[in-house]
Amino acid sequence: MIELKNVTKKFESKKKGHAILALKNVNLTVNQGEIFGVIGYSGAGKSTLVRCVNFLEKPSSGEVIVNGQTLGKLTNDQLRQARQNIGMIFQGFNLLKTANVYDNIAIPLKLTGIPASEIKARVEKYLNIVGLSDKKYVFPNQLSGGQKQRVAIARALSHEPDILLSDEATSALDPETTDSILNLLLKINREFGITILLITHEMHVIQKICDRVAVMENGEIIEQGNVIDVYSDPQTTTTERFVSSIFPSDIPNEIIEELAQRGPIIQLTFVGESADQPALSMLAKKFDIHSNILSGNIVQLKDRPFGKLTAHIQGTKAETDKALHYLIEQGVKVSEVKVNG
Amino acid sequence: MANFFDQIDRWGGLIWQATIETFQMVSISLIISIIIGLPLGILLVITRPNKSYNNKFIYQSLNIVINIIRSIPFIILLFTLLPFTRFIVGTSMGVRGVILPLVVFTAPYIARLMESALLEVDRGVLEAYEAMGIKTRDIIWHVMVREARPSIILGITIAVIGLIGATAMAGLVGAGGLGDVAYRFGHLRYEPEVMYVTIIILIIIIQAIQSIGNVLASRAKKD
């Protein structure tokens, strides 16, 4: 559906010869019907990446292929046609301040040549989907942030695109509103089969609705895959930091040092079905050890549970080794917790 | 009191006639100036570096020409343009004769005011429309100009007031109008009452225009 091949984007800075590389050889494939998330800290190049997909930003080199069309090879007119099939929503909503909700959706429809007779029906339909039918004649400044984003989503959907790009669409919203917008995006994805490519710096967004994720740093994709795989087995420290942001359970170094003298501290990661196994209590029954839970948390990824449990195992070295071995055999991911640098 | 009515009898017709002339000069030259100034303002915005029709040559030359015209005081512009006006319009007298210099004076001013109004429009909105595959000329008209309307109205209000000031000077080349009456009767013929009356009329007109401008701008804002 969306394919980026070796996309590089250079920004010339004002001083000649100084160029900033916002994207370095990015390769990315978004499949039809999925929700793909790109996460990274600010300045990682996520925004440039998503803007390359509809050519708001033209890549310096590489290819962007959307719906089988190579955007770089299109004429201006063809590019406009292609863009009408790619909806986009923004952090700042970007609505017309001088137009009411109805016109904010109707004007772009009119400008893209939708017949007048159809415009009214479309506006009503998509306002209904985003749940704002009663706000038709209200102006944007009388709406809350979440409502403005709903109007922006209705505006994007009214063109009936195959793809929706989301540029930090929930970053300006409070947690509750964020959740309602994410639910709306999920609904759109499921009901209309619209492929969604979103960028965010919030792990929560990825966790809640994404099927696959790419982690970006310094203009490069450093890790990508199914959300559950990337979460449960992060390969880079950046990804690890993102994952630990949803498990806010740092154990103080003093406690780790003290406990470590009497047995290992282990972190168990549970994915999917293994999340509901009573692993620790089995351990205590089978081996001569005592376990003491230090912290534990379970979160719901899009459709699978994902948990982390930190525990202290007390016992002789031989017994604790056997116990850890048993856990690994059971398909639980085990790692030893060390003092943080 | 009798004196007051005597005065009205004596000067009323003249001042009324002058007010009409001022309105004629202002409205005709305003309309032409907007027709010229608004597109120039748009051109200044879109040919700017990093904008949609980035064109250094057009942007810079337009900038220089506008700055040159704007540096000439109207009274001097008026006399400088006399032969040119006569050549184009056929006369340099009366309301007809003064429209051209008024337009030359006001259009660049309006272009600058439109430029600053249009630059205020949120870049993100323009981008959102670009992302929807909408033609640039539609974006300029239906998004940029539309969103800038409140500032455009305030800008035009400022231009109208400047224009009224300029029409007073146009009296010097025989264009008529309130300024002409005030100057000829008040200054040359020592009839200060006439001057005071024209001043009061001008104050009322300016107050009214500014208030109307403010109201229209805040309506367009939809806040």
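Cut-offs and rules
- Counting from 1, residues in each chain are numbered in the order their sequence is written.
- Chain labels run from A onward and ligand labels from 1 onward, assigned in the order the entries are written.
- Since the coordinates come from a predicted model, pLDDT governs what is reported: local features require at least 70, and pairs of side-chain atoms require 80 or more to be given and counted, while whole-chain, interface and lining totals use all residues.
- Note on conventions: DSSP H or I runs of at least 4 residues are helices, E runs of at least 2 residues are strands, and numbering of each starts at the N terminus.
- Residues with at least 20 other C-beta atoms within 10 Å of their own are called buried, those with 12 or fewer are called exposed, and the rest are partly exposed. The C-beta atoms themselves are positioned from the backbone.
- For the purpose of contact definition, each residue receives a C-beta atom placed from its backbone, and two residues are in contact when these atoms lie within 7 Å.
- UniProt positions are given in the numbering used here, feature names are shortened, and annotations may be inferred rather than shown by experiment.
- Two strands are counted as paired when DSSP detects at least two bridges linking them.
- All axes here are fitted lines through C-alpha atoms, helices being fitted over the stretch that makes contact, and every angle between N-to-C directions spans 0 to 180 degrees.
- Think of pLDDT as the predictor's per-residue confidence, scored from 0 to 100.
- For each domain, the first and last residues come from an automatic or database assignment.
- Working rule for helices: expected span equals 1.5 Å times residues minus one.
- Fitting axes to the seven residues ending at a residue and to the seven starting there, one defines the bend at that residue as the angle between these axes.
- Each residue receives one of three labels: charged for Asp, Glu, Lys and Arg, nonpolar for Ala, Val, Leu, Ile, Met, Phe, Trp, Tyr, Cys and Pro, and polar for the others, Gly being one of them.

A. Up close: the overall build of chain A. Broken down by element type, chain A carries 12 helices and 14 strands. Summarising its shape, the C-alpha atoms of chain A cover approximately 80 × 55 × 35 Å along the three principal directions. Among the 341 residues that make up chain A, the fraction classed as buried is 39%. Within chain A, contacts between residues at least 6 apart in sequence are counted, and of these 68% link residues at least 24 apart.

B. Geometry of the UniProt feature "transmembrane region" (unreviewed entry) in chain B. This chain's UniProt record puts "transmembrane region" (unreviewed entry) on residues 23-45, 57-81, 87-110, 152-174 and 194-217 of chain B. Helix makes up 83% of residues 152-174 of chain B and strand 0%, whereas the separation of the span's terminal C-alpha atoms amounts to 32 Å.

C. Seen up close, the sheet that holds strand S11 (residues 265-271) of chain A. Residue and element names in this part refer to chain A. Read from one edge of the open sheet, 4 strands run S12-S13-S11-S14, paired in antiparallel fashion. Bordering the open sheet on either side are strand S12 (290-300) and strand S14 (333-336), each of which pairs with just one other strand. The average angle at which neighbouring strand axes cross in this sheet is 20°, direction not considered. Alignment of S11 against S14, held across 4 bridges, turns out to be antiparallel. Bridge pairing in S14 places Ile266 opposite Glu336. Packing against the sheet, helix H12 (residues 317-329) makes contact with S11, strand S13 (305-314) and S14, and its axis sits at approximately 145° to S14.

D. Structural view of the confidence of the model for chain B. All names here are of chain B. Across chain B, the average pLDDT comes to 88, with 96% of residues at 70 or higher. The spread of mean pLDDT over the elements of chain B runs between helix H8 (residues 178-188), the lowest at 81, and helix H6 (residues 123-131), the highest at 94. Scored as a complex, the prediction yields pTM 0.84 and ipTM 0.84.

E. Here's a closer look at the domain arrangement of chain A. Residue and element names in this part refer to chain A. Here the domain parsing of chain A yields domain 1 (2-244) and domain 2 (253-336). Centre-to-centre separation of domain 1 and domain 2, based on C-alpha positions: 39 Å. Elements with a contribution of two residues or more to the side of domain 1 that touches domain 2: helix H7 (203-209) and helix H8 (227-232). Per-element accounting of the side of domain 1 that touches domain 2 gives the leading share, 4 residues, to H8.

F. Summary view of helix H5 (residues 94-119) of chain B. Residues and elements named next belong to chain B. For H5, which comprises 26 residues, the first-to-last C-alpha distance of 38 Å matches the rise-based estimate of 38 Å (1.5 Å per residue) to within 8%. The axis of H5 is deflected most strongly, by about 30°, at Leu102. Burial within H5 is extensive, with 22 of its 26 residues counted as buried.

G. Local environment of the interface of chain B and chain A. The partner chain A presents 20 residues to the 20 residues of chain B that form the contact. If you list the elements that add at least two residues to the side of chain B that touches chain A, you get H6 and helix H7 (136-170) of chain B. Residue contributions to the side of chain B that touches chain A peak at 7 residues, all from H6(B). Here the residues of the side of chain B that touches chain A sort into 8 nonpolar, 3 polar and 9 charged.

H. Structural detail: the confidence of the model for chain A. Scored by pLDDT, chain A has a mean of 88; 96% of the residues are at 70 or more. Of all helices and strands in chain A, the one with the weakest mean pLDDT is helix H11 (residues 279-286) of chain A (79), whereas helix H3 (residues 101-111) of chain A scores best (96).

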